[in-house]
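Close look at the chain arrangement
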Amino acid sequence: MATSDTDGGTRIEAVVKTLDVLEALWQAEGAGVTDLTERTGLAKSTVHAHLTTLRSKGYVVQEGDEYRLSLRFLSFGEHVKHAEPLYAASDAPIAEFADETGERVLCSTHQNGLGTIINIGEGTRSFTSDIGIGTHTYLHNSAGGKAMLAHFSEERVNEIVDEWGLPAFSEKTITDRETLFEELETVRDEGVAYTRGEYLPGINAIGAPILDTDGTVYGAVSVAGPQHQLENKWEKTDFQDQLLSTANTIEVNMMFS
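Here's what I pulled together on the structure shown here. (Residues numbered from 1 in each chain as written. Predicted model: local features only at pLDDT ≥ 70, side-chain atom pairs only at ≥ 80, totals over all residues. Heavy atoms only, no water.)

So, about the side chain of Thr116. As for its placement among the helices and strands, Thr116 is situated in strand β6 (residues 114-121). A polar side-chain atom of Thr116 sits 2.9 Å from a polar atom in the side chain of His136. (Helix = DSSP H or I, 4+ residues; strand = E, 2+ residues; numbered from the N terminus. Polar contact = N/O pair within 3.5 Å; in protein donor to acceptor, adjacent residues only side chain to side chain.)

The next subject is the pairing of β6. For β6, a buried count of eight out of eight residues is recorded, marking the element as mostly surrounded by other parts of the structure. Both strand β5 (residues 104-111) and β6 contribute to a ladder of seven bridges, which runs antiparallel. When the sheet's bridge partners are listed, Ser108 is paired in β6 with Ile117. The turn joining β5 and β6, which pair antiparallel and follow one another in sequence, is formed by two residues; a positive phi near 55° is taken by Asn112. Two elements, β6 and strand β7 (residues 136-137), share two bridges in a ladder whose sense is antiparallel. Considered in β7, the bridge of Gly115 is made with Thr137. (Buried < 20%, exposed > 50% of the residue type's maximum accessible area, 1.4 Å probe, protein only. Pairing = 2+ DSSP bridges.)

Take the packing of aromatic side chains next. One pass over the full model with this rule turns up six aromatic pairs. Following the ring pairs from residue to residue traces out a cluster consisting of Tyr59, Phe73 and Phe76. One Lys or Arg, Arg104, reaches over the ring of Phe127 and ends 5.8 Å from the middle of that ring. In this structure, Arg196 packs its charged tip against the face of Tyr194, placed 4.9 Å from the ring centre. (Phe/Tyr/Trp six-rings, centres within 6.5 Å; stacked < 30°, edge-to-face > 60°. Lys NZ or Arg CZ within 6 Å of the ring centre and 35° of its normal.)

Turning our eyes to something else, we now look at the nonpolar core. If you look at the biggest cluster of nonpolar residues, it comprises 22 residues, and the most contacted ones within it are Ile210, Val221, Val223 and Leu243. Elements represented by at least two residues in this core include exactly α5 (85-101), β5, β9 (203-211), β10 (217-226) and α10 (237-255). What Leu243 contacts, discounting residues up to four positions off in sequence, is Phe97, Val192, Ile206, Gly207, Ala208, Val221, Ser222 and Val223. Among the nonpolar cores identified, the runner-up in size contains 18 residues, and Leu139, Met148, Ala150 and Val161 belong to it. (Core = buried A, V, L, I, M, F, W, Y, C linked by side-chain atoms within 4.5 Å. Contact = heavy atoms within 4.5 Å.)

Counted by the stated rule, this structure contains two cavities of 30 Å³ or more. Taken as a whole, the largest cavity holds about 280 Å³ of empty space. Together, 21 residues line the largest cavity, and Ile131, Ser142, Tyr199, Ala205 and Ala224 are the ones closest to its centre. Elements that contribute at least two residues to the lining of the largest cavity include exactly β5, α6 (143-149), β9 and β10. Class assignment of the residues belonging to the lining of the largest cavity gives a composition of 10 nonpolar, nine polar and two charged. There is about 70 Å³ of room inside the second largest cavity. Taken together, Gly113, Leu114, Tyr138, Leu139, His140, Leu149, Ile160, Val161, Trp164, Gly165, Leu166 and Leu180 make up the lining of the second largest cavity. For the lining of the second largest cavity, the leading source of residues is helix α7 (residues 154-164), giving three residues. Residues of the lining of the second largest cavity, tallied by class, amount to nine nonpolar, three polar and no charged. (1 Å grid on protein atoms, 1.4 Å probe; cavity = no way out; pocket = protein on both sides within 12 Å on 5 of 7 lines; lining within 4 Å. Points joined across faces, edges and corners; volume = space filled by probe spheres on them. Nonpolar A, V, L, I, M, F, W, Y, C, P; charged D, E, K, R; others polar.)

Turning our eyes to something else, we now look at the sheet that holds strand β8 (residues 193-196). Taken together, six strands build an open sheet; the order of strands is β7-β6-β5-β10-β9-β8 and the sheet is antiparallel. The sheet is open, and its two edges are formed by β7 and β8, each paired on a single side.

Next up on the list: the pairing of β8. Where β8 lies against β9, four bridges are found, and the strand directions are antiparallel. Residue pairing for β9: Tyr194 is matched across the bridge by Ile206. Remark: six residues form the turn of the hairpin made by β8 and β9, two consecutive strands paired antiparallel; Gly197 in that turn has positive phi of roughly 70°.

Keep in mind these values describe shape, not function.
Pasting the structure below:
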């Protein structure tokens, strides 16, 4: 069965259901048919049929009553990661910045109005987090996301907000459009973006955009850590200079990628 999507394209509902099952399996880190039925809202027979098909193609494995994503997805992930020029361009600069500061350094890019973490440098003071390479993020509640949004056109920012909204992740998350645009103006003026507990309470971050010479937004580099650990650092000019220098190095690397 096919249905029209909001952009005028055609959705194949069977494919949508397969992807729903895969995403539920990924989020659950393995699950049985009953659990997947509850997570997806699909009929048990439908879930079982899709699992059987995925298993026959090698995309899931079954152990007893539990299903898991197969190792076949490793090849997809590695291909996508290495096909993204920003991954290679950011690898050494991110690692060096993390070593110098001891902090957790992230490089992110944007796709379809969302952010994606594509590289992480772990310093000696890095905090434990479930954010890893491949994690998708909203752009309005992260330092890297704000750094990118600040260099999009106003029209593009409005399109993103229309599509994804401004969901609250904490009581400090920006949730109205006017406040967001005021914040983005400040980011452009200061050259860096901040978040103070807007994604996770008690976690702060500072980010800088990674831009092409014509202003095209490649992505952003950001440093995240516990509020008490990071806030004293980011007010220092040399720390901001390190961040901006790292972003600039990645920009130069992108020119020759």
